[in-house]
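One letter stands for each residue in the lines below.
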Amino acid sequence: MNGALAVSRYTLIEISRRRLLLVFFAIGAVGIGGLGILLKVFTSAFVGSASFGGPPGSGPTAAQMEKLTELSFVSNLIGVLGLFALLIAFAIGMTAIYHDLESGAAVAIFSKPVSRFAFTVGKLVAAVVAMIAIVGLLSLEARLVMFLFGGGLETALWFESLAGVANAVTLMLLVLALSAWMNNIVAAIVGFIYNGAAGVVVTLHQQLVSGNLGDNQVLHAGLNTLYWLVPHALVSSAPREIVRQEFEIFAANQPEGAPSVDQMVSSIPGPSGAVDIIWWVFVVCVMFGILYFAVRRRQV
Amino acid sequence: MATVVSVQNLRKRYRRRDPWAVDGVTFELEAGQAFGLLGPNGAGKTSVVKMIAGLLRPDGGSILLFGSDPGNPAARAELGFAPEDPDFPKFLRAPEVLDYFASLLGLDDEERKRRIPETLAFAGLDRERRQVRQYSKGMKQRLGIAQAILGRPKLLILDEPTADLDPLGRRDVRALIERLKESGVAILLNSHLLSEVERVCDNVAILARGRVLKEGTMSDVVPEGSTLEEVFVQLIEANQPQRDHLPSFISERQ
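Anyway, here's the lowdown on the structure attached to this text. None of these values were measured; they are calculated from a predicted model.

Turning to the overall build of chain A, a few remarks are in order. Broken down by element type, chain A carries twelve helices and zero strands. Going residue by residue from the N terminus, the α and β elements of chain A occur as α-α-α-α-α-α-α-α-α-α-α-α. Along the first, second and third principal axes, the C-alpha set of chain A runs to 80 × 50 × 30 Å. Looking at the 300 residues of chain A, the share that counts as buried comes to 46%. Long-range contacts, defined here as pairs at least 24 residues apart, represent 82% of the contacts in chain A between residues at least 6 apart. Of the charged side chains in chain A, 15 are positive and 15 negative, and the gap between their average positions amounts to 21 Å.

Moving on: the overall build of chain B. Along the backbone of chain B there are eight helices and nine strands. For 254 residues, the compact-globule formula gives about 18 Å, and the C-alpha radius of gyration of chain B, at 19 Å, lands near that figure. On the principal axes, the C-alpha backbone points of chain B span a range of 55 × 55 × 45 Å. Looking at chain B residue by residue over its 254 residues, the buried ones come to 51%. Once local pairs closer than 6 in sequence are excluded, the contacts in chain B between residues at least 24 apart make up 65%. Here chain B contributes 36 positively and 37 negatively charged side chains, and the mean placements of these two sets differ by 6 Å.

Attention now moves to unusual backbone geometry. Residues and elements named next belong to chain B. Of note in the backbone geometry, Glu 160 takes a positive phi value of approximately 50° without being a glycine. Following the sequence through the fold, Glu 160 ends up in the loop between β6 (155–159) and α5 (167–182). Phi is positive for Arg 209, which is not a glycine, with a value near 45°. Position of Arg 209 among the secondary structure elements: in the loop between β8 (203–208) and β9 (211–217).

All right, on to empty space enclosed by the protein then. Residue and element names in this part refer to chain B. Here the structure, examined in full by the defined rule, presents three cavities of 30 Å³ or more. In this model, the largest cavity occupies a volume close to 70 Å³. For the largest cavity, the full set of lining residues is Phe 122, Ala 123, Arg 142, Ile 145, Leu 165, Gly 169, Asp 172 and Val 173. Of all the secondary-structure elements, those providing two or more residues to the lining of the largest cavity are α3 (109–123), α4 (137–149) and α5.

Taken residue by residue, the interface counts 31 residues in chain A and 30 residues in chain B. Ranking the residues of chain A by area buried against chain B places Tyr 10, Arg 17 and Lys 112 of chain A at the top, with a combined share of 25%. A salt bridge links Arg 9 of chain A to Asp 99 of chain B; its shortest N-O distance comes to 3.5 Å. Taken together, the links from chain A to chain B amount to 14 residue pairs in polar contact (both at pLDDT 80 or more). Mapped by element, the contributors of at least two residues to the side of chain A that touches chain B are α1 (2–16), α4 (98–103), α5 (105–110) and α12 (274–297) of chain A. The element contributing the most residues to the side of chain A that touches chain B is α1 of chain A, with seven residues. Of the residues in the side of chain A that touches chain B, the class split is 13 nonpolar, seven polar and eleven charged.

Its location among the elements puts Gln 206 of chain A in helix α8 (residues 184–209). Those residues within four positions of Gln 206 of chain A in sequence are excluded, and the remaining contacts are Arg 240, Ser 266, Ser 267, Ile 268, Pro 269 and Gly 270 of chain A.

Our focus in this paragraph is the side chain of Ser 191 of chain B. For Ser 191 of chain B, the position within the fold is in the loop between β7 (186–190) and α6 (194–200). Once residues within four sequence positions are removed from consideration, Ser 191 of chain B is found in contact with Leu 37, Leu 38, Glu 160, Glu 196 and Val 197 of chain B.

Turning our attention to the layout of surface pockets. All names here are of chain A. Roughly 720 Å³ of volume is contained in the largest pocket. Taken together, 31 residues make up the lining of the largest pocket; nearest its centre are Leu 86, Asn 167, Asn 195, Ala 233 and Leu 234. Those elements that provide at least two residues to the lining of the largest pocket are α3 (62–95), α7 (154–179) and α8. With nine residues, α7 is the largest single contributor of residues to the lining of the largest pocket. By volume, the second largest pocket is sized at about 610 Å³.

Our next topic: the nonpolar core. Residues and elements named next belong to chain B. Ranked by size, the top nonpolar core spans 103 residues in total, and within it Ile 52 and Leu 155 carry the most contacts. Here Leu 155 is in contact with Val 4, Val 5, Leu 29, Ile 52, Leu 65, Phe 66, Glu 78, Leu 79, Gly 80, Val 185, Ala 186 and Leu 188, once residues within four sequence places are set aside. Counting residues in hydrophobic clusters, the runner-up holds 31 residues, among them Ile 145, Ile 149, Leu 156 and Leu 235.

Centre distance and the angle of the planes are the two values used to describe a pair of aromatic rings. All chains considered together, the criterion is met by twelve aromatic pairs over all chains. Ring geometry for Phe 110 of chain A and Phe 119 of chain A: centres 4.9 Å apart, planes at 80°, overall edge-to-face. Put simply, the rings of Tyr 10 of chain A together with Phe 88, Tyr 100 and Phe 101 of chain B pair up and form one aromatic cluster. The residue whose ring lies beneath Arg 11 of chain B is Trp 20 of chain B, and the NZ or CZ to ring-centre distance is 3.9 Å. Lys 12 of chain B extends its terminal NZ or CZ atom over the ring of Tyr 14 of chain B, reaching a point 5.5 Å from the ring centre.

Another point: the pairing of β6 of chain B. All names here are of chain B. When you tally the buried positions in β6, you get five out of five residues, the bulk of the element. Taking every second residue as pointing to the same face, both faces of β6 are buried, with Leu 155, Ile 157 and Asp 159 on one and Leu 156 and Leu 158 on the other. Examined bridge by bridge, strand β5 (residues 79–82) and β6 share four bridges and lie parallel to one another. Considered in β6, the bridge of Ala 82 is made with Leu 158. Of the pairings in the sheet, the one linking β6 to β7 comprises five bridges and is parallel in character. The residue bridging Leu 156 from the neighbouring strand is Ile 187, located in β7. Between β6 and its parallel partner β7, the chain crosses via α5, and the hand of that crossover is right-handed.

What counts, and at which threshold
- Residues numbered from 1 in each chain as written.
- Chains lettered and ligands numbered in written order.
- Predicted model: local features only at pLDDT ≥ 70, side-chain atom pairs only at ≥ 80, totals over all residues.
- Heavy atoms only, no water.
- Helix = DSSP H or I, 4+ residues; strand = E, 2+ residues; numbered from the N terminus.
- Buried < 20%, exposed > 50% of the residue type's maximum accessible area, 1.4 Å probe, protein only.
- Contact = heavy atoms within 4.5 Å.
- Lys, Arg positive; Asp, Glu negative; His and termini not counted.
- Charge placed at Lys NZ, Arg CZ, Asp CG, Glu CD.
- Rg over C-alpha atoms; globule rule 2.2 N^0.38 Å.
- 1 Å grid on protein atoms, 1.4 Å probe; cavity = no way out; pocket = protein on both sides within 12 Å on 5 of 7 lines; lining within 4 Å.
- Points joined across faces, edges and corners; volume = space filled by probe spheres on them.
- Buried area = accessible area lost by both parts, 1.4 Å probe.
- Salt bridge = Lys/Arg side-chain N within 4 Å of Asp/Glu carboxyl O.
- Polar contact = N/O pair within 3.5 Å; in protein donor to acceptor, adjacent residues only side chain to side chain.
- Nonpolar A, V, L, I, M, F, W, Y, C, P; charged D, E, K, R; others polar.
- Core = buried A, V, L, I, M, F, W, Y, C linked by side-chain atoms within 4.5 Å.
- Phe/Tyr/Trp six-rings, centres within 6.5 Å; stacked < 30°, edge-to-face > 60°.
- Lys NZ or Arg CZ within 6 Å of the ring centre and 35° of its normal.
- Pairing = 2+ DSSP bridges.
- Right-handed = clockwise from strand over helix to strand, strands pointing away.

And the structure:
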């Protein structure tokens, strides 16, 4: 256990000194702050005098517009946090183990009385802690910026941040595991393609669930099988809640016979359930197993 | 004397179609002995020591390190290994690297506080504040030797320990080997510097293409009136195809 702690501690020190991660963090922090301030300036300057071309009283009020801006901010924020979580996952995944194995540092480390299992656990703990720390700090900043808008979706944002970290951990583990077998750039490319393919499968599955892909049984069976084969992303209630609130602002102006808000948001992924979370845990365990197997059989 | 390492009929190859990198190497090393492993480039010396350190898996034969399999972490608790061309986590500084390895060795805080500054001073790195990525090859080699002796090993493996060192560094390593031998530490030395090996080693094995050509005490291997270098050159030349020593264009007039 001491070995894993030592590996973890010094890997964290190394990660904290990598310029690439600091650059990602700085860009993320400036991006989130800038996004919030720009939207706030925009609403303050234009919302009060906005006209939507309809008869007087038919458009959203200034308060509704402010709410729309906040929803837009949170929606963009989720995208930005997800993007930076992925970038950080790639940056950590490509370097945390690969450099030790390739540079020869592993020769000195593995000749000490530390097991490969303890080494792998230490590396993994450091990578996950670094990921949580960086995304956590960005989420904290996002939460502070949300005070500009009066708040209201904080819980959704926290859950979405958690889901973002969980999804980034899966991708990071995949890249870590691949980088123990192959060149780290090739590992990142494979991870990127896999992540993209998984995204397509999840989107298609959502369309299937909301009834947009007809009732072809072969298609249903195929997509359902694929969905449970790929490590699909965890989702919080935030994306659906944001779209719901946006629709509700305009609901009063909808013509008779228009689809209900529930129908309209059904194509947006709903929050992940217990089975999805168990599946995520299983995927993480499998990825760790692959990583450990690669480190264990590695001759340095 | 207690046997520290026992190597029996050791074999290793890196790919199925490759020739054996190590082919039937056998030797034993006892406490307080210094054993020199010699051979031309590609003879299999580094493969042998890496298998003893548990870094490579043998394809045949057996190794007992303090009576256990080197793959067992506990067997490596009393091993110090200074690799050829050493490297370390590149964003750490020398004291951090030693503290990292002290943690892996299970040294307590008191021992760390005592040993790390002394080891850094021995390696000439006590005033060095830069990260390892900014070190020269010689500085990395010094740090490699420092981390190898940090745990007060009972077996010290030195793989080309002086290749990148200046003359003062070489003198320090020679003094270190002699001091450790006196205190009962077994030394396994891989080196191309035959005069150095002749000076510090009790036993020697000469390898070529993975096989042991000659092995024994220094007096067995080197007859009186001869030097280790002469014996080495004769043995190697007799066991590998003759080569033209210089490319023909070198002798052409400009």
